[in-house]
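What follows is each chain in one-letter form.
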Protein chains: 2
Amino acid sequence: MPVFSDGELRDVGTRLLRACGAPEAEAALVASELVDASLMGLDSHGVARYPGYVDMALDGTVKPGAPVTVVRETQGTAVVDCGGNFGMVGGRKMVELVAAKARGPGIACVVSVHCNHVGRLGGYPQRLAEQGLFGFATVNSARPGHWVTPWGGREGRLATNPLAWAAPAEGHPVVMDMSTSMISEGKIRILMHEGKPVPEGSLLDAAGAPTTEPMGFYGPPRGTILPFGSPRLGYKGFGLSLLVEILGSTLAGVPLDEPGQTAAYVNGLFLLAIDPDAFGGRERFRGLLAELFAYVSSSPPAPGTDGVVLPGALDFSTAEKRRRDGIPVAEETWRLIVEAGRKAGVSL
Amino acid sequence: MPVFSDGELRDVGTRLLRACGAPEAEAALVASELVDASLMGLDSHGVARYPGYVDMALDGTVKPGAPVTVVRETQGTAVVDCGGNFGMVGGRKMVELVAAKARGPGIACVVSVHCNHVGRLGGYPQRLAEQGLFGFATVNSARPGHWVTPWGGREGRLATNPLAWAAPAEGHPVVMDMSTSMISEGKIRILMHEGKPVPEGSLLDAAGAPTTEPMGFYGPPRGTILPFGSPRLGYKGFGLSLLVEILGSTLAGVPLDEPGQTAAYVNGLFLLAIDPDAFGGRERFRGLLAELFAYVSSSPPAPGTDGVVLPGALDFSTAEKRRRDGIPVAEETWRLIVEAGRKAGVSL
């Protein structure tokens, strides 16, 4: 498997996106976000997305350079029109906006409209935590991404709808980033390519029967992914998924079938920031968080486990390793990236 | 099993709590909250709590009549000292406060200190949704309630840490209310009394080995409850539980071992309200929510299920039935209530 440095992959992405019409700063930002995900080992949200991003920019689905504008705001809220630009461009501005707003009333939230794929969700609250704030984020997807069935159903009505939070800590923030479904579509695809079954309780086939076969999901006819907690406690995952849907789209006033929101990657991003200075103060918050994290980590390991690992810790340690040793990129992924380069007129 | 009307049980509770020194309005409020939970079929959070509440009021653990005060606030936040009064007394004031605050900046949150058992968590966001707002709530418990192990561990470091949200809908709001653990302690107790095993993947014994025996949890030595999603995806439940702990205590500046916070029922309540008028407006929010709820409900039933049920719908239908037919109270529960009456000097 070819191995690249993160710098090389950033450069590749920046050149690709520049060639698709993205301004230099936007191209570098988007490439950097995807490379960060690859560094953390979250390959399905990493540079494997370059070809898709190039396609979307070339066919006009994504609008590089489109302005990001605040279309409605109060002191503690805003609706941000991301203009169909790359999701990270709007998402990054939303982080700055919500952080600034939270400093007034102590809490703020912002929601997106016309936002494309935002990438790794945890990166958004992570940036808030890096500023000493508490961050929370959710992201839903428009109807073509509705592969997850409500609990008790057998047709998709929700996306894998992740939620994430982050809190300040020594070194890196603690960053929790989870889908509210039993498995992501990306992982099913990987298992299919490896000829492996999907863990029990994750999928229904089109008739609504449990299956562990990736093709039971892909069909045709198409099956569904079960909500987190299934089969016995899937009502909880369903409830969390509805929360994500409401915060990401309903609150912003976006209907289920908004014209233009037709692609699977059209996201509704919700970001919330809380300023600890409105409560006990930043230093006290940091101190108490450190105590809490030490306390939960002190639970001795259960047999057969590696012990307690704080949310996000494995991702940050993978990033450290890959920054040092390079990022392995699957042959097929690299082939598709080179092909994307040909389409965009960039020789890689 | 004896059956009572909700009115009778409200009257019983009000008399009991009055006799323990609670002012009339507080006694009626607390009784009403517990009876509401009994109506909804959430018996572990209902009138079965009367004896414990009487004991706590009589021994001074709970301070009936204690004032609820705002100790720190900004435009969109507040820390509310519940004064050691019954948790519902402070909790209800926090609902009013966060609803009023949200009308300014569009979003607000409030956290408690010195708050006793708040009862059914879903009731708090439910009241926000009844006013047209979106409500979200979490509640943690002090260290004696830490029966839940972090994922990978085998000693308790967190409580069952529920989270809840509610959104406006026709008739009743949609109310999601879930623990972030595999099972609540109350349900383990019921299974133990019935001589039944606990579902697999819910418990570890004191050595950290999976067990389905209630006594494996109760010990001695004491075992632990696993986080929601265990065994395979318990890191998600762990992350959600940490979120609840941070919002409920860390944010408010409450350390793990605050003097006075020694009882298992000492809760840290976090309430968040979002005003849709800061976004697309209340009417549009209601309309889009109705469309969303209809859309997810239209997923046809999976074989062997009753089809899609919106969060909270079963609880509201149980309440309707019990309001009509009465609330069954277990013989032993009623015996303990009568005994509590004797302690408080009330003949039932």
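Residues numbered from 1 in each chain as written. Chains lettered and ligands numbered in written order. Predicted model: local features only at pLDDT ≥ 70, side-chain atom pairs only at ≥ 80, totals over all residues.

Trainee: In this structure, what is going on with the environment of Gly76(B)? I would like to understand it.
Mentor: Inspection of the secondary structure assignment puts Gly76(B) in the loop between strand E2 (69-73) and strand E3 (77-81). A sequence separation of 85 residues divides Gly76(B) from Asn161(B), and the C-alpha atoms of the two residues are 24 Å apart. (Helix = DSSP H or I, 4+ residues; strand = E, 2+ residues; numbered from the N terminus.)

Trainee: Help me understand the sheet that holds strand E8 (residues 203-204) of chain B in this model?
Mentor: Strands pair in a sheet through their backbones, by hydrogen bonds, and they do so in one of two ways: parallel or antiparallel. The strand order across the open sheet formed by 3 strands is E9-E8-E10 (chain B), and the pairing between neighbours is antiparallel. Because the sheet does not close on itself, it has two edges, and the strands there are strand E9 (210-211) and strand E10 (224-225) of chain B. (Pairing = 2+ DSSP bridges.)

Trainee: In this structure, what is going on with the interface of chain B and chain A? I would like to understand it.
Mentor: The parts lose accessible area when they come together, and the size of an interface is often stated as this lost area. Counting from both sides, the interface comprises 71 residues of chain B and, opposite them, 71 residues of chain A. Put simply, the parts of the chain that give the side of chain B that touches chain A at least two residues each are E3, strand E4 (107-113), strand E6 (163-167), strand E7 (174-178), helix H8 (234-250) and helix H9 (282-297) of chain B. Among the elements that line the side of chain B that touches chain A, the one with the most residues is H9(B), at 8 residues. By residue class, the composition of the side of chain B that touches chain A is 43 nonpolar, 18 polar and 10 charged. (Contact = placed C-beta atoms within 7 Å. Nonpolar A, V, L, I, M, F, W, Y, C, P; charged D, E, K, R; others polar.)

Trainee: Sorry if this is basic, but what is going on with the domain arrangement of chain A here?
Mentor: Residue and element names in this part refer to chain A. In terms of domains, chain A is made up of domain 1 (3-62 + 326-344) and domain 2 (69-182 + 226-282). Domain 1 and domain 2 are separated by 23 Å when their C-alpha centres are compared. Across the boundary between the two partners, domain 1 contributes 12 residues, which contact 11 residues of domain 2. Considering every element that reaches the side of domain 1 that touches domain 2, the biggest residue donor is helix H2 (residues 24-39), with 7 residues. Looking at the side of domain 1 that touches domain 2 residue by residue, the classes come out as 7 nonpolar, 2 polar and 3 charged. (Domains from an automatic or database assignment.)

Trainee: Is there a simple way to explain the nonpolar core in this structure?
Mentor: General note: in soluble globular proteins, nonpolar side chains tend to be found buried as a group. Within the largest apolar cluster, 225 residues are counted, with the highest numbers of intra-cluster contacts made by Leu271(A) and Leu271(B). Setting aside residues up to four positions removed in sequence, Leu271(A) forms contacts with Met94(A), Val95(A), Val98(A), Cys109(A), Val110(A), Tyr124(A) and Ala137(A). (Core = buried A, V, L, I, M, F, W, Y, C linked by C-beta atoms within 7 Å. Buried ≥ 20, exposed ≤ 12 C-beta atoms within 10 Å, placed from the backbone.)

Trainee: Whenever I open this one, helix H1 (residues 6-19) of chain A confuses me. Can you help?
Mentor: Along an α-helix, a turn takes 3.6 residues, which lines up residues three or four apart on a common side. All names here are of chain A. Taking 1.5 Å per residue, 14 residues should reach 20 Å; H1 reaches 20 Å between its end C-alpha atoms and fits that length. When H1 is considered as a whole, its buried residues turn out to be Leu-9, Arg-10, Val-12, Gly-13, Thr-14, Leu-16 and Leu-17. Residue Gly-21 follows H1 closely and has a positive phi angle near 105 degrees. (Expected span 1.5 Å × (residues − 1).)

Trainee: Help me out: how do you make sense of the sheet that holds strand E11 (residues 267-274) of chain A in this one?
Mentor: Residues and elements named next belong to chain A. Read across the open sheet, the 7 strands follow the order E2-E3-E4-E11-E5-E6-E7; overall the sheet is mixed. On the outer flanks of this sheet lie strand E2 (69-73) and strand E7 (174-178), each paired with one strand and no other. Pairs of neighbouring strands in the sheet enclose a mean axial angle of 15 degrees, with direction left out of account. Note that strand E4 (residues 107-113) and E11 share 5 bridges and pair antiparallel. The partner of Val-111 across the bridge, within E11, is Phe-270. (Axes fitted to C-alpha atoms, helices over the stretch in contact; angles between N-to-C directions.)

Trainee: Would you take a moment to explain helix H11 (residues 331-344) of chain B for this structure?
Mentor: Residue and element names in this part refer to chain B. Compared with an ideal rise of 1.5 Å per residue, which puts 14 residues at 20 Å, H11 spans 20 Å between its outermost C-alpha atoms and is within 8% of the ideal. For H11, the set of buried residues is Thr-333, Ile-337, Ala-340 and Ala-344. For H11, the buried positions fall inside an angular range of 60 degrees around the axis, keeping them on one side. Along H11, exposed side chains directed more than 90 degrees from the buried face belong to Glu-331, Glu-332 and Arg-342. Contact partners of the buried residues in H11: helix H1 (6-19) and helix H3 (50-58). Gly-345 sits one or two positions beyond H11 and adopts a positive phi of about 80 degrees. (Arc of directions from axis to C-beta.)

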